[in-house]
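The residues making up each chain are set out below.
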Amino acid sequence: MKFQLTYRRYKRRFRRPVRFGSSIVDKREGIVLRLLREDGRCGYGEIAPVESFGSESVDKAGALLKSFCGLFQDQYLKDDRIHAHPCTNYALKCALNSLQNDEADLPEGRPVASAKLAGLNDFLDSDAFVGRDVLKLKVGEKLQDLRSEWDQLEKVFALAREQHFSVRLDANEQLTIEEAERWIEFLLDHTDVIQFFEQPVDRTLLDELLVLSRMGVPLALDESIPLLLGQSLAQELSDFYFIIKPSLGDCEIVESNDLSTEKLVISSVFESAFGFSELLRNQFRNTPGLDTQEIFVEDDLVYPSQADGKYRANQLNLDELWQKWG
């Protein structure tokens, strides 16, 4: 089947500068594409690349879309050029899927509350934490001595037991192997409230991560996920949680490795409302980690949360948003 292909590039601003890969940035660029079927129905996809995770750039994605000269056929998805552009591949599949499937009633997704230890007490007392059942903390950044950091965490763990929320810790590859071992030994006394410890060491150290995963604290792979493409490691990796970013093509890695859906955590990568809508429809939504919409300056491309802080699928008419935004 042939479709008319159109696309628009966007540039959005963050409320405040954020770390994106190895850079500090204050704006975000991406592409929204639309496939128009002969009967007038439209399907949408978003290209939201992160080059530091191995994806294509916005410029390369735009060049590939331009090469289609305004027409697209679903058999093009077999083209090696598209497979070399994981974000574009995902966006085109999203657009096609939305044209081929009827929308089903889907469960709601509660965003994760993300914070740093600095200023955490004020954050926990604020409206930003109301209604959340998962707290994600950035740790191991060595901005203070280790004992002080652990003392603060012990207070958080006590509060988690009292208020019945779970904690995710994210070290963002900051630790050495020896430091990671010390951290895990400390965390062993708090596994009742810890959901997982995310990416404690460098993404390339898969063998070392396998050893660490057997120490008794659940570990999660995030930055390491792209390294699994083309590998068959389902058995060796069965102890891990997997932070997958569908917009970066991670669903193909999940499928090729037959990873357990029970340990999949959906993560967003600063998508606009178009891409975020697709995340809320994703089949792997067991424990969603959706926490990026609130970081943008309010605009038409922010996906709205409900008064209780939850996100629900199908809250936007994408046809109307396309016309309004364009």
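For clarity, every value in this text was computed on a predicted model and none was experimentally measured.

A. Main features of the pattern of salt bridges. Taken as a whole and assessed by the stated rule, the structure comprises 17 salt bridges. Put simply, Arg13 and Asp26 hold a salt bridge, and the shortest N to O gap is 2.9 Å. Note that Arg13 is positioned in strand 1 (residues 2-20) and Asp26 in strand 2 (residues 23-36), a separation of 13 residues in sequence. The partly exposed category is assigned to Arg13, whose relative accessible area is 46%. As a salt-bridge pair, Glu154 and Arg147 come within 3.7 Å of each other at their nearest N and O atoms.

B. Focus on the sheet that holds strand 7 (residues 166-170). Strand order across the open sheet formed by 7 strands is 5-6-7-8-9-10-11, with parallel pairing between neighbours. Edge positions in the sheet fall to strand 5 (113-116) and strand 11 (264-266), since each has one partner strand and no second. In this sheet, neighbouring strand axes are inclined to one another by 30° on average, regardless of whether the strands run parallel or antiparallel. Taken together, the 4 bridges between strand 5 and strand 6 (residues 134-138) define a ladder with parallel strand orientation. Residue Lys116 lies in a different strand from strand 6, and its bridge partner there is Lys138.

C. Local environment of the packing of helix 5 (residues 146-163) against helix 6 (residues 177-187). Contact pair helix 5 / helix 6: the axes reach a minimum separation of 12 Å and the direction vectors enclose 35°. Where helix 5 crosses over helix 6, the two elements pack in a sense that is right-handed. When helix 5 is examined against helix 6, the residues Leu146, Arg147, Glu149, Trp150, Leu153, Glu154 and Phe157 are found in contact with a partner set consisting of Arg182, Trp183, Phe186 and Leu187. The class makeup of the residues in the contact of helix 5 with helix 6 is 7 nonpolar, no polar and 4 charged.

D. Fine view of the pairing of strand 6. For strand 6, the tally of buried residues reaches 4 of 5 residues, placing the bulk of the element in the interior. Judged from the 5 bridges that link them, strand 6 and strand 7 form a sheet pairing that is parallel. Considered in strand 7, the bridge of Lys138 is made with Asp170.

E. Structural context of unusual backbone geometry. If you check the backbone angles, Cys69 has positive phi at about 55° while not being a glycine. Following the sequence through the fold, Cys69 ends up in the loop between helix 1 (58-67) and strand 4 (71-73).

Basis of the calculations
- Residues numbered from 1 in each chain as written.
- Predicted model: local features only at pLDDT ≥ 70, side-chain atom pairs only at ≥ 80, totals over all residues.
- Heavy atoms only, no water.
- Salt bridge = Lys/Arg side-chain N within 4 Å of Asp/Glu carboxyl O.
- Helix = DSSP H or I, 4+ residues; strand = E, 2+ residues; numbered from the N terminus.
- Buried < 20%, exposed > 50% of the residue type's maximum accessible area, 1.4 Å probe, protein only.
- Pairing = 2+ DSSP bridges.
- Axes fitted to C-alpha atoms, helices over the stretch in contact; angles between N-to-C directions.
- Left-handed = near helix turned anticlockwise from the far one by under 90°.
- Contact = heavy atoms within 4.5 Å.
- Nonpolar A, V, L, I, M, F, W, Y, C, P; charged D, E, K, R; others polar.

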